Amino acid sequence: QVQLVESGGGLVLAGGSLRLSCAASGRTFSPYGMGWFRQAPGKEREFVGVISSKGITYYANSVRGRFTISRDNAKNTVYLQMNSLKPEDTAVYYCAAGPGGGSWSERQYDYWGQGTQVTVSS
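Computed from a prediction, not measured in an experiment: that's the story for all the values here. (Residues numbered from 1 in each chain as written. Predicted model: local features only at pLDDT ≥ 70, side-chain atom pairs only at ≥ 80, totals over all residues. Heavy atoms only, no water.)

Asker: Sorry if this is basic, but what is going on with the nonpolar core here?
Answerer: Most often, soluble globular proteins have nonpolar side chains that are buried together. Within the largest apolar cluster, 35 residues are counted, with the highest numbers of intra-cluster contacts made by L4, M34, W36, L80, M82 and Y93. Of all the elements in the fold, those that place two or more residues in this core are β1 (2-7), β3 (18-26), β4 (33-39), β5 (46-51), β7 (67-72), β8 (77-82), β9 (91-98) and β11 (116-121). The element best represented in this core is β9, accounting for five residues. (Core = buried A, V, L, I, M, F, W, Y, C linked by side-chain atoms within 4.5 Å. Buried < 20%, exposed > 50% of the residue type's maximum accessible area, 1.4 Å probe, protein only. Helix = DSSP H or I, 4+ residues; strand = E, 2+ residues; numbered from the N terminus.)

Below is the structure:
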């Protein structure tokens, strides 16, 4: 079992930045690919980005160039740095642990955090 806890959400003005953290505990963290997903009100959860166990990242088109994922295996933590935030980024953000190579599909992920709310006001 892997337990995941997100933090760092909040309210920010459009154009601002936030950094989300996802702290893992339980099983060894480093072999997992760590994904970020988000769910806006009335919408399905969607892929944001992922970092593989080897540190390779890829992102959804909607956030590429604005969001950056990193991981610190010594701290069992993955980060989502969000810059140039837009109102349409408003959502609950979830981190998830899954296949080491990473995946855009939430069905591939075994463990999920409880989510953290990000609200971007215009």
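Asker: Explain the pairing of β8 to me, please; I cannot follow it from the model alone.
Answerer: Regular strands place side chains that alternate from one sheet face to the opposite one. In terms of residue burial, β8 counts as a mostly covered element, since five of its six residues are buried. Between the end of β7 and the start of β8, which pair antiparallel, lie four residues, with N76 showing a positive phi angle near 55 degrees. (Pairing = 2+ DSSP bridges.)

Asker: How should I be thinking about the sheet that holds β3 in this particular structure?
Answerer: Backbone-to-backbone hydrogen bonds join strands into a sheet, with any given pair of strands oriented parallel or antiparallel. What the four strands build is an open sheet, ordered β1-β3-β8-β7; its pairing is antiparallel. Of all the strands in the sheet, the pair left with one neighbour each is β1 and β7. The sheet shows a mean angle of 15 degrees between the axes of neighbouring strands, taken without regard to direction. Strand direction decides the pairing type here: β7 and β8, joined by six bridges, are antiparallel. Across the sheet, residue I69 finds its bridge partner in β8, namely L80. (Axes fitted to C-alpha atoms, helices over the stretch in contact; angles between N-to-C directions.)

Asker: Help me understand the pattern of salt bridges, please; the structure alone is not making it clear to me.
Answerer: Any two side chains of opposite charge can pair if their charged atoms end up close together. Counted by the stated rule, this structure contains four salt bridges. Residue E46 is joined to R38 by a salt bridge in which the shortest nitrogen-to-oxygen separation is 2.6 Å. Among the ionic pairs, R66 bridges to D89, the shortest N-O distance being 2.8 Å. With a gap of 23 residues between them, R66 in the loop between β6 (57-59) and β7 and D89 in the loop between β8 and β9 connect regions that are remote in the sequence. Salt bridges sharing common partners tie together R38, E46, R66 and D89. (Salt bridge = Lys/Arg side-chain N within 4 Å of Asp/Glu carboxyl O.)

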